[in-house]
Amino acid sequence: MITRLSDDYFDDAVDDLSDILHACVHTGASIGFVLPFSMEDARSYWHNRVRPDLHALELFVAYDAGRILGTVQLIPANMPNQPHRADVAKLLVHPNARRRGLARVLMGALMDRSRELGRTLLVLDTRSTDPSKLLYQSIGFQIAGEIPNYCRNPFEPTLEPTTYMYKDLR
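Nothing here was measured: the structure is a model prediction, and the numbers come from that model. (Residues numbered from 1 in each chain as written. Predicted model: local features only at pLDDT ≥ 70, side-chain atom pairs only at ≥ 80, totals over all residues. Heavy atoms only, no water.)

Caption draft 1: Summary view of the overall build of the protein chain. Regarding its fold elements, the protein chain presents four helices and seven strands. Walking the protein chain from its N terminus toward its C terminus, one meets helices and strands in the order β-α-α-β-β-β-α-β-α-β-β. Against the globule reference of 15 Å for 170 residues, the protein chain gives a C-alpha radius of gyration of 15 Å, in line with a compact fold. In terms of its C-alpha atoms, the protein chain occupies a principal-axis envelope of roughly 40 × 40 × 30 Å. Surface exposure of the protein chain reaches about 9,000 Å², of which carbon and sulfur atoms provide 50%. Across the protein chain, the 19 positively charged side chains and the 21 negatively charged ones have centroids separated by 6 Å. (Helix = DSSP H or I, 4+ residues; strand = E, 2+ residues; numbered from the N terminus. Rg over C-alpha atoms; globule rule 2.2 N^0.38 Å. Areas by Shrake-Rupley, 256 points an atom, 1.4 Å probe, with all protein chains shown as cover. Lys, Arg positive; Asp, Glu negative; His and termini not counted. Charge placed at Lys NZ, Arg CZ, Asp CG, Glu CD.)

Structural data, given as structure tokens:
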């Protein structure tokens, strides 16, 4: 089941969300964090970076058997010349729940909500070597370009390229 998480249920969800983030970072996901990365670091991200912005973003979660196994964020642009645009951020699926189609379902819910909000252009970035790039392409995202040496590898101090992608929902 996919739902949008509200502030009312955030405290109930933060342990699952933290577990997902922690596990994804420790399996090499390039989502802004590097090792060492503790569970406290993960909780801090959700409490200090996401919760204060819940009024400005939509946080989707995928539930299965009473646990959150995946999440993605829709961040509508807030500049007057971009009422049609939104960013996609932090598509995360717990490593133990991958290959079940959760990422695709989360992105489908995000795209449906984007259309409801009149946000017809979605933008995201992903490390160029990540499998998520193939997922995004398979659901219609186009490559806008690649920036070399954009992000640090989570395991070692090497820099890697990032691909910017977009999807026109019209």
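Caption draft 2: Focus on the packing of helix H1 (residues 7-26) against helix H2 (residues 39-50). At a closest axis distance of 8 Å, the pairing of H1 and H2 adopts a crossing angle of 130°. As summarised for this structure, H1 and H2 are arranged oblique, according to the angle between their axes. Along this stretch, H1 crosses H2, giving a crossing that reads as right-handed. Residues Phe10, Asp11, Val14, Asp15, Leu17, Ser18, Asp19, Leu21 and His22 of H1 form the contact with H2, whose participating residues are Met39, Ala42, Arg43, Tyr45, Trp46, His47 and Val50. Residues of the contact of H1 with H2, tallied by class, amount to nine nonpolar, three polar and four charged. (Axes fitted to C-alpha atoms, helices over the stretch in contact; angles between N-to-C directions. Parallel < 35°, antiparallel > 145°, perpendicular 65-115°, else oblique. Left-handed = near helix turned anticlockwise from the far one by under 90°. Contact = heavy atoms within 4.5 Å. Nonpolar A, V, L, I, M, F, W, Y, C, P; charged D, E, K, R; others polar.)

Caption draft 3: Local environment of H2. For H2, with 12 residues, the first-to-last C-alpha span of 16 Å sits near the 16 Å given by 1.5 Å per residue. Every buried residue of H2 is listed here: Ala42, Tyr45, Trp46 and Val50. Angularly, the buried residues of H2 cover 85° about the axis, an arc narrow enough to put them on a single face. Exposed residues on H2 whose side chains face more than 90 degrees from its buried face are Glu40 and Asn48. (Expected span 1.5 Å × (residues − 1). Buried < 20%, exposed > 50% of the residue type's maximum accessible area, 1.4 Å probe, protein only. Arc of directions from axis to C-beta.)

Caption draft 4: Fine view of the pairing of strand E3 (residues 67-76). E3 sits mainly inside the fold: eight of its 10 residues count as buried. Pairing of strand E2 (residues 58-64) with E3, which is carried by seven bridges, proceeds in the antiparallel orientation. Its bridge partner being in E3, alanine 62 is matched across the sheet by glycine 70. Where E2 folds back onto E3 in an antiparallel hairpin, the turn is made up of two residues, including alanine 65, whose phi is positive at roughly 55°. (Pairing = 2+ DSSP bridges.)

Caption draft 5: Seen up close, the pairing of strand E7 (residues 159-168). Note: strand E5 (residues 121-127) against E7, seven bridges, orientation antiparallel. Bridging across to E7, threonine 126 finds its partner in threonine 163. The antiparallel hairpin formed by strand E6 (residues 142-152) and E7 contains six residues in its connecting segment.

Caption draft 6: Just the pattern of salt bridges, in detail. One pass over the structure, following the stated rule, counts 15 salt bridges. The salt bridge partner of arginine 67 is aspartate 19, with a shortest N-O separation of 3.6 Å. Pair noted here: arginine 67 is in strand E3 and aspartate 19 is in helix H1, with a separation of 48 residues, a long-range link. Here aspartate 64 makes a salt bridge to arginine 100, at a shortest N to O gap of 3.3 Å. (Salt bridge = Lys/Arg side-chain N within 4 Å of Asp/Glu carboxyl O.)

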